[in-house]
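Observations on the three-dimensional arrangement
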Amino acid sequence: MVSAVRDAIAGEATVRVENVYKRFGSVEALRGVSYTARPGEILYILGPNGSGKTTLVRVTLGLYSPDRGVVEVLGARPGSGGWERVRSQVGYVPENADVYERLTGAEIIGFYARIYGGRNWRRLAERAARISGLSGKELARRAGEYSKGMRRRLLLAIALMHEPRIVFLDEPFSGVDVISAHRIRMILSRLRSGGSSVIATSHNVFEAERHADRILFIYKGVKLFEGTVEEAHASYNASTLEEAFVKAVEGAGIDG
Amino acid sequence: MTARNILLVAAKDLRDFSRDYKSIAAIILLPFIGLPGLALLSGVLASQQTVSICYYVADSTPVAHEIAGWIVRNTTSILESAGYSVGVRGLGRGSAAGCDLILVFPEGFSSNLSRLDGTATILVSGSLTSTGQEALQAVYSSVRTVSKAIVVERVSRLSSLAGLRLDPEGLLEPIKVEQSYHNAKGVTASNTQVAVAEAAKVLAFSLYFVVNPAIVFMSDSLSGERERRTIEMLLVSPLDPYDLLAGKILASTVAGLIGAAADSLGILLFFRLSGLTLTLTPGLAVLWLSVSLGLVLFSSSLAAIISERTGSVRSAQNLSFLASVVALIFYFAALFVDYTGLHGAAKILLASIPYSQAALALEYYSIGLTTPALAYTLAVYAFTGVLVFIASRVFDPERLLAGS
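Residues numbered from 1 in each chain as written. Chains lettered and ligands numbered in written order. Predicted model: local features only at pLDDT ≥ 70, side-chain atom pairs only at ≥ 80, totals over all residues. Heavy atoms only, no water.

Some details on the overall build of chain A
If you tally the helices and strands in chain A, you get 11 helices and nine strands. Relative to its length of 256 residues, chain A is compact, with a C-alpha radius of gyration of 18 Å against a globular reference of 18 Å. Based on the C-alpha atoms only, the size of chain A along its principal axes is roughly 55 × 40 × 40 Å. Counting across all 256 residues of chain A, residues that qualify as buried make up 55%. Counting only carbon and sulfur atoms, one obtains 48% of the accessible surface of chain A, whose full area is about 11000 Å². Treating the 36 positive side-chain charges of chain A as one cloud and the 29 negative ones as another, the clouds have centres 7 Å apart. (Helix = DSSP H or I, 4+ residues; strand = E, 2+ residues; numbered from the N terminus. Rg over C-alpha atoms; globule rule 2.2 N^0.38 Å. Buried < 20%, exposed > 50% of the residue type's maximum accessible area, 1.4 Å probe, protein only. Areas by Shrake-Rupley, 256 points an atom, 1.4 Å probe, with all protein chains shown as cover. Lys, Arg positive; Asp, Glu negative; His and termini not counted. Charge placed at Lys NZ, Arg CZ, Asp CG, Glu CD.)

This is the structure:
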């Protein structure tokens, strides 16, 4: 939490989440989680299924209201006057997001391009088509006929068409083929080079070990660690991120 | 809120809907084809029904045979004009199987008729089927005609014996009723007004077909976005959640009205093909369209509130179906109950529910009371406005995402 405050004061953080709690009925999904994201970095939020990764992303994006704590994205809080501006500078691909199956890829892109681009929608649509890597023929087909990899690329293109400053990707490599995964990795690298913040959730520590600038361990709604991969190795005296994560969980002594 | 974004969402939903052939079939084509199909099929099947008339004349006199023959021929003619095929055969002993109508003219039939005060008996039996019932009605009609002719003949004989000039019709019907209808203001109603009053009952019932498509569309549209996992990216986009809701209400209203138009056309075709008439004056048509639009908006908003709070399309549609059943109850009852004549708690209940307000508006208009008709139409819109407002106030993206 100290580092989060420090970054915010320094004006570096694009995302600042402080001491956030979220409960669904009897389940405490987030228990005092804090983290920051900075421009030009890829932050991986790592944790097993049900650890609170998706809830944390949804709280950060203003989709869920936190029971307690502070969320600031690009200096604005969800629901505040500046939040409308934030929504046009954020891209998001949820884990299980899908396409409108009865619409063509081009129609889906056109729909979102009009939302993000208004009168300039054609320029955004062209960019999205380029990012997706789908051919004109493929874009003219109904999205219901697409493979999972094609759907994922289409959604990623929609999330990036407006050149967002922050990109949230929930399990971006889940269930996609090798070629689509490679293409997504290339896109993430380009985003980082372009100065965007990329926040990706994953339960795959090997993916994070190779591509993350920083990582955040979360387990049963509690943040266990935030820092670089090297810092994780050093903190838990581990040779791999997997080993570091296991030691972090074992050392935390968290009750369900 | 921006009109541009509302139209954008509505256009997307309607394009999606236009390719959902199963839903289109359920909402639009099924009633459009189904109702006229029902009329055509029932007409075709009715013409395929055969009524078997069996008769036996125990009285061997020519008069008995002549009257029996006439009754059988006239009954046959009535049934044939109703679309039945009729078979006639003489009845031998123990051969009544397969007969829908059995007529027995016993011995002494003609002698009883020949007396001035004699009563002749015909034994009539119908089968326990709908054709048996129809045949009984037809034979009663035939017997009434014969009876009247015999009475006229007897009166002529009596008046001749008495040396009087008498009108047999006057003797038969000493009191004659001249019937007419009047409207709520006490003014005699024209034939058109009478027909409009009948049409209003049918139109009130047809409002159910207006309500149902809007409910089905809205449930699928809002819950479907969540179930098909397309809602989350929309909620994060710059699209205002209220634009999303308004766009979906607009799309379901359009879909509802298209469905309503198809259903209405189906109803008109049903009437035409069934040989019935449905009189629509311009005023009644405009009023029906007005209350239909209000009800579609009301139903869409109601379905939106329900859909937001349910976990799946199926549960949203099930719950919304309950709302449409309430509507169906009111519209079905409107076929038989004069809502305008109710008082007290029943009237307050009817006046406080938009579904029955719409039926009341149509009924009041049909009896010539335009002021209460307009008041109830406005009430439909007032309640709809309140519900749209509530739907927008309680619309919660977090709940929509969580689905409970």
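What about the pairing of strand E3 (residues 42-46) of chain A?
Residues in a regular strand project their side chains so that they alternate between the two faces of the sheet. All names here are of chain A. Among the five residues that make up E3, five are buried, leaving the element largely enclosed by the rest of the structure. Here E3 shows no split at all, with Ile 42, Tyr 44 and Leu 46 on one side and Leu 43 and Ile 45 on the other all buried. Two elements, E3 and strand E7 (residues 197-202), share five bridges in a ladder whose sense is parallel. Bridged to Ile 42 within E7 is Val 198. Both E3 and strand E8 (residues 214-219) contribute to a ladder of four bridges, which runs parallel. Along E8, the bridge assignment pairs Tyr 44 with Ile 215. (Pairing = 2+ DSSP bridges.)

Overview of the sheet that holds strand E9 (residues 222-227) of chain A
All names here are of chain A. Spatially, six strands are ordered E5-E6-E7-E3-E8-E9 in an open sheet, and the strand pairing comes out mixed. The sheet is open, and its two edges are formed by strand E5 (90-93) and E9, each paired on a single side. The sheet shows a mean angle of 15° between the axes of neighbouring strands, taken without regard to direction. Along the sheet face, helix H7 (residues 148-160) touches E5 and strand E6 (166-170) and points at about 165° away from the line of E5. (Axes fitted to C-alpha atoms, helices over the stretch in contact; angles between N-to-C directions. Contact = heavy atoms within 4.5 Å.)

As for the domain arrangement of chain B
One can read the domain layout of chain B as domain 1 (3-36 + 191-403) and domain 2 (48-172). Each of domain 1 of chain B and domain 2 of chain B was reduced to a C-alpha centroid, and the two centroids are 53 Å apart. (Domains from an automatic or database assignment.)

Examining the interface of chain B and chain A
Size of an interface: often given as the accessible area lost when the parts come together. Facing 25 residues of chain B, the contacting portion of chain A comprises 30 residues. Taken together, the two surfaces of chain B and chain A that pack against each other cover about 2800 Å², and 59% of this comes from carbon and sulfur. The largest contributions to the chain B side of the interface with chain A come from B:Arg19, B:Met233 and B:Val236, which together make up 25% of the buried area. Seen at the junction of chain B and chain A, the total is six salt bridges. (Buried area = accessible area lost by both parts, 1.4 Å probe. Salt bridge = Lys/Arg side-chain N within 4 Å of Asp/Glu carboxyl O.)

Some points on the state of the cysteines
All names here are of chain B. In the structure shown here, the tally under the stated rule is one disulfide over all chains. One disulfide bridge connects Cys 54 with Cys 99, the sulfur atoms lying 1.9 Å from each other. Here Cys 54 and Cys 99 share a disulfide; its torsion about the S-S bond, -90°, makes the bridge left-handed. Remark: Cys 99 occurs in the loop between strand E2 (85-90) and strand E3 (101-105) and Cys 54 occurs in strand E1 (residues 50-57); sequence separation between them is 45 residues. Assessed through its relative accessible area of 0%, Cys 54 is described here as buried. Residue classification places Cys 99 among the buried residues on the basis of a relative accessible area of 9%. (Disulfide = S-S within 2.5 Å.)

Description of helix H2 (residues 21-48) of chain B
The end-to-end C-alpha separation of H2(B) is 35 Å, well short of the 40 Å expected for 28 residues at 1.5 Å each. Of the residues making up H2(B), those classed as buried are B:Ile24, B:Ile27, B:Ile28, B:Pro31, B:Leu35, B:Pro36 and B:Ala39. (Expected span 1.5 Å × (residues − 1).)

Considerations on the pattern of salt bridges
According to the stated counting rule, one finds 28 salt bridges over all chains in the structure shown. Of the charged contacts in the structure, one is a salt bridge between B:Asp13 and B:Lys12, with a shortest N-O distance of 2.9 Å. For B:Asp117, the salt bridge goes to B:Arg115, with nearest N and O atoms at 4.0 Å. Each member of the salt-bridge network shares a partner with another, and the members are A:Arg16, A:Glu18, A:Glu72 and A:Arg77.

Comments concerning the sheet that holds strand E2 (residues 27-37) of chain A
Residue and element names in this part refer to chain A. As summarised here, the arrangement of the three strands in space is E2-E1-E4, forming an open sheet in which the pairing is antiparallel. The sheet terminates laterally at E2 and strand E4 (68-73), the two strands that pair on one side only. If you compare each strand with its neighbour and ignore which way they point, the axes differ by 25° on average. Across eight bridges, strand E1 (residues 15-24) lies against E2 in antiparallel orientation. Bridge assignment links Val 20 to a residue of E2, and that residue is Val 33.

Some thoughts on the nonpolar core
A:Tyr44, A:Tyr112, A:Phe168, A:Ile215, A:Phe217 and B:Tyr331 are the most contacted members of the largest nonpolar core, which totals 151 residues. Element by element, the count of residues in this core is highest for helix H7 (residues 191-227) of chain B, at 13 residues. When residues no more than four places from it in sequence are discounted, the contact partners of B:Tyr331 are B:Ala204, B:Phe205, B:Leu207, B:Tyr208, B:Val211, B:Leu295, B:Pro354, B:Tyr355, B:Ala358 and B:Ala359. Formed by 22 residues, the second largest nonpolar core is a distinct cluster that contains B:Val86, B:Leu103, B:Ala135 and B:Ala138. (Core = buried A, V, L, I, M, F, W, Y, C linked by side-chain atoms within 4.5 Å.)

Some details on the environment of B:Pro354
Residue and element names in this part refer to chain B. Of note, Pro 354 is situated in helix H13 (residues 354-366). Sequence spacing of Pro 354 and Arg 229 is 125 residues, and the spatial spacing of their C-alpha atoms is 34 Å. Not counting chain neighbours up to four residues away, the residues in contact with Pro 354 comprise Leu 295, Phe 298, Tyr 331, Val 380 and Phe 383.

Here's the deal with the confidence of the model for chain B
When pLDDT is averaged along chain B, the result is 85, and 99% of the positions lie at 70 or above. Overall fold confidence for the complex sits at a pTM of 0.78, while the interface term, ipTM, reaches 0.90. (pLDDT = per-residue confidence, 0-100.)

A closer look at the packing of H13(B) against helix H14 (residues 370-394) of chain B
All names here are of chain B. Between H13 and H14, the least distance of the axes is 7 Å, while the angle of their chain directions is 160°. Regarding the angle of H13 to H14, the classification is roughly antiparallel. Judged by the sense of rotation from one axis to the other, the crossing of H13 with H14 is left-handed. Touching Pro 354, Gln 357, Ala 358, Leu 360, Ala 361, Tyr 364 and Tyr 365 of H13 are Thr 370, Pro 372, Ala 373, Tyr 376, Thr 377, Ala 379, Val 380 and Phe 383, all from H14. Along the lines of polarity and charge, the residues of the contact of H13 with H14 split into 12 nonpolar, three polar and no charged. (Parallel < 35°, antiparallel > 145°, perpendicular 65-115°, else oblique. Left-handed = near helix turned anticlockwise from the far one by under 90°. Nonpolar A, V, L, I, M, F, W, Y, C, P; charged D, E, K, R; others polar.)

Details of the packing of aromatic side chains
The final tally for this structure, using the stated rule, is 11 aromatic pairs over all chains. Aromatic side chains B:Phe298 and B:Tyr355 sit 5.6 Å apart centroid to centroid with 85° between the ring planes, which places their arrangement in the edge-to-face category. Pair noted here: B:Phe298 is in helix H10 (residues 282-308) and B:Tyr355 is in helix H13, with a separation of 57 residues, a long-range link. Relative accessible area serves as the criterion here: at 9%, B:Phe298 is assigned to the buried category. Through pairs of rings, three or more aromatic residues link up here, namely A:Phe217, A:Phe225, A:Tyr236 and A:Phe245. Directly above the aromatic system of A:Phe173 lies the positively charged group of A:Arg185, at a separation of 5.0 Å from the ring centroid. Sitting over the ring of B:Tyr242, B:Arg393 keeps its end group 5.8 Å from the ring centre. (Phe/Tyr/Trp six-rings, centres within 6.5 Å; stacked < 30°, edge-to-face > 60°. Lys NZ or Arg CZ within 6 Å of the ring centre and 35° of its normal.)

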